[in-house]
Amino acid sequence: MSDPTVSRPAPHPPADDGAPRWQGLAWALALLLLGAGGWLHLQPALNQSLLLSLNRLAGGAHPAAAGLWGGLSVAGLGVSAVLVVLALDRTRRRALNALLWGVPLGLLFSRLPKSLIDSARPARALGTQALEVIGTPLLNHASMPSGHALTAGAVATVLAATLGLRGWRVLLPFVIAAAVAFSRIAVGAHWPADVLAGAGLGLGVGLLSLRLSARWPAAWLCTANGQRALALLEWGLAVAVALLPTGLPVAAPVQWTLAFLGVCSGLSRWRHAGAPAGTDQAVARLVLPSLAAGLLLAMLLREGMGAQLLTALAQVPLWAWPLAVAGLWGSYGLRAERLRREWGTWGRTHRPEARMPSLSDSVDLFLTHNAALLLLPMRAGEAGYPWLLHRRFGIPVAESVRSLVWLRLQDALVLALLGLLGLAPGPAWLRLAGVAALVLLLWGLLPRLSRQLGQWWPRWQALQGTLVAHRGDLTGWGLCVGNWLLKLAVLGGVLALLAGLPVWQGWSGAVAGELAAALPIQAPAGLGSYEAAIWAAGQWVGAAVPPAVLAGAALAVHTLSLVTALLTPLIYRALLWVQSRRSSAAGSSSARP
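These numbers come from a predicted model, not from an experiment. (Residues numbered from 1 in each chain as written. Predicted model: local features only at pLDDT ≥ 70, side-chain atom pairs only at ≥ 80, totals over all residues. Heavy atoms only, no water.)

Asks: What is the right way to read unusual backbone geometry from this model?
Replies: As a rule of thumb, non-glycine residues mostly have phi less than zero, and peptide bonds are mostly trans rather than cis. A cis amide bond links Met-144 with the next residue in sequence, Pro-145, at an omega value of 0°. Positive phi is not limited to glycine here, since Asp-118 has a value of about 55°. In this structure, Asp-118 sits in the loop between helix 5 (94-117) and helix 6 (122-126). (Helix = DSSP H or I, 4+ residues; strand = E, 2+ residues; numbered from the N terminus.)

Next comes the structure, spelled out in structure tokens:
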């Protein structure tokens, strides 16, 4: 008899006609685009005139525009498209099935016409001086049709038909595909005729892939082993997209973010391989923020940032790096002590006989929770805090959730006040006096407001009583303020050293970067939004450095923070393991006669 407790993957969904309801319109549009591309290819003068006009209109000479169009071109690569589809389709349904057919069909309908038509690239036919070329000029004859436009059109068709999009959202994949297709004109890699023909072929490939996948579904995708195979594929593609020589160095941030997305998606897929389909659906919400983060970084960092950043790194004294890491570790210690006091106070009141987290437990708890926040999508790592407390110490989930809410409110208030101190206009003494006055005002006013609100809304008294209970001590506030002061001093100091800023401007940038974590939708680990916030703060405070230098320094500071946060739990666990081995060895030797 089978065990009913063993989880099994969801059965494969029943096959349908494999095409969206708007298939007739899509086929008509595909034929129209293909015909327009073929006709324009036979009108070389018009094709050239359109190319030069659209290429100049795209503004590729501007570094920010170069980052945008170069990033979109990288997003239109086949390896990038496969990564995006894998990350978006968490239900193991028709998008992944269509992908199995779309990849070989796309290669066939792209490579075969290129070899038969043998059309010269614009940079070869007109010369690189006649148009704005972003990245390495393409000088071969494989121009007609555009493979990027074909890939974008096919992926947009599949996603629009399989992700359950409704209303205007159906158009979103096609808008992104159109931007990817236009980027090939903007970077000087394709003629307008190539892009039109490629887009038409892409729509046709997408529709045909849907038909074939519905006719012959791949049931193995829904098995646990199939999901693990896809996870391995995602990790391999992540490495490939990170190392791929695209000829577009300005778009390297898009490659990094896509690689990071692939790693995160693969980890989630492997972990939930035996779970019902769609369990890890939150990963799909990472895709658009990740692409936006990569494009934003590409626009901010610009070409040439690498050499400037290496020069800045060489100018930082070697002693500054271990000092910075030690400072971050100090902030971790303050947070861990904050957690120890939190649950020590609660435990003495509610469970005096039970063991509550020690300082060592609190350090491990904080480091694990912090790493989960960085790796899991959409701040899903917050769930690790109540889960760990309940699993290790039996603390009720409701109580740990209230603790988490309180800690986040406390952090938000302290960081907001520090943000006013660093970013408000006016001289430093005036800002300091204003923040001090605001603290005194809140200290005296908030209790009165709380009592008044309790009179109007009786439930508020019970709510704030459970939230603020045993948390009114000044030590907790002091640990919170000390943590943020130390962390911002470290990150702001490193930022000032890297970008050549005054210390107070480095502080302001670090505050802005941390405030960006409050954004509701972000890429993994805040990539892109953190750097953009520091760049914006630099413009606000009048930093006298080039924007690319400031954005590059922000990326270095962000990397320092992320690497420290992810490696520290491993180092800490290794030290605990070594200590336990030594204790075991000492115990064994003492037990011998």
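Back to the write-up after that little detour.
Asks: How should I be thinking about the pattern of salt bridges in this particular structure?
Replies: Pairing is possible between side chains that carry opposite charge, provided their charged atoms lie close to one another. Tallied over the full model, the rule gives 10 salt bridges. Between Arg-335 and Asp-411 there is a salt bridge, with its nearest N and O atoms 3.5 Å apart. Taken together, the positions of Arg-335 in helix 14 (residues 320-350) and Asp-411 in helix 17 (residues 397-423) put the pair 76 residues apart, joining distant regions of the chain. An identical accessibility class is assigned to Arg-335 and Asp-411; each is buried. One salt bridge connects Arg-408 with Asp-411, and the closest N-O pair in it is separated by 3.3 Å. Taken together, the residues span about one helical turn, with Arg-408 and Asp-411 both in helix 17 at a distance of 3 residues. Salt bridges sharing common partners tie together Arg-335, Arg-338, Arg-408 and Asp-411. (Salt bridge = Lys/Arg side-chain N within 4 Å of Asp/Glu carboxyl O. Buried < 20%, exposed > 50% of the residue type's maximum accessible area, 1.4 Å probe, protein only.)

Asks: Please clarify how a nonpolar patch on the surface should be interpreted in this entry.
Replies: Nonpolar side chains collect at one region of the surface, where Trp-27, Leu-108, Phe-109, Leu-112, Leu-116, Ile-117 and Leu-208 lie side by side and expose about 630 Å² of accessible area between them. By residue number, the principal contributor to the nonpolar patch is helix 5, which donates 5 residues. Following the sequence through the fold, Leu-108 ends up in helix 5. (Patch = residues over 30% accessible without salt bridge, like charges linked within 9 Å, V, L, I, M, F, W, Y side chains within 5 Å. Areas by Shrake-Rupley, 256 points an atom, 1.4 Å probe, with all protein chains shown as cover.)

Asks: So what exactly am I meant to see when it comes to helix 16 (residues 384-393) here?
Replies: Quick reminder: α-helices carry 3.6 residues per turn. Residues three or four places apart thus point the same way. For helix 16, the set of buried residues is Gly-384, Tyr-385, Pro-386, Leu-388, Leu-389 and Phe-393. Gly-394 occupies a position one or two residues after helix 16 and carries a positive phi of about 70°.

Asks: Which parts of the structure should I look at to understand the packing of aromatic side chains?
Replies: Aromatic ring pairs: the centre-centre distance and the angle between the two ring planes describe each pair. Scanning the model with the defined rule gives 6 aromatic pairs in all. Considering the side-chain rings of Trp-343 and Trp-346, the 5.6 Å spacing of their centres and the 80° angle between planes classify their relative orientation as edge-to-face. Separated by 3 residues within a single helix, Trp-343 and Trp-346 lie in helix 14, roughly one turn from each other. Comparing Trp-343 with Trp-346 shows no difference in burial state: the two are buried. Between Arg-215 and the ring centre of Trp-216, over which it is positioned, the NZ or CZ distance is 5.2 Å. Note that Arg-228 overlies the ring of Trp-270, its terminal NZ or CZ placed 5.9 Å from the centroid. (Phe/Tyr/Trp six-rings, centres within 6.5 Å; stacked < 30°, edge-to-face > 60°. Lys NZ or Arg CZ within 6 Å of the ring centre and 35° of its normal.)

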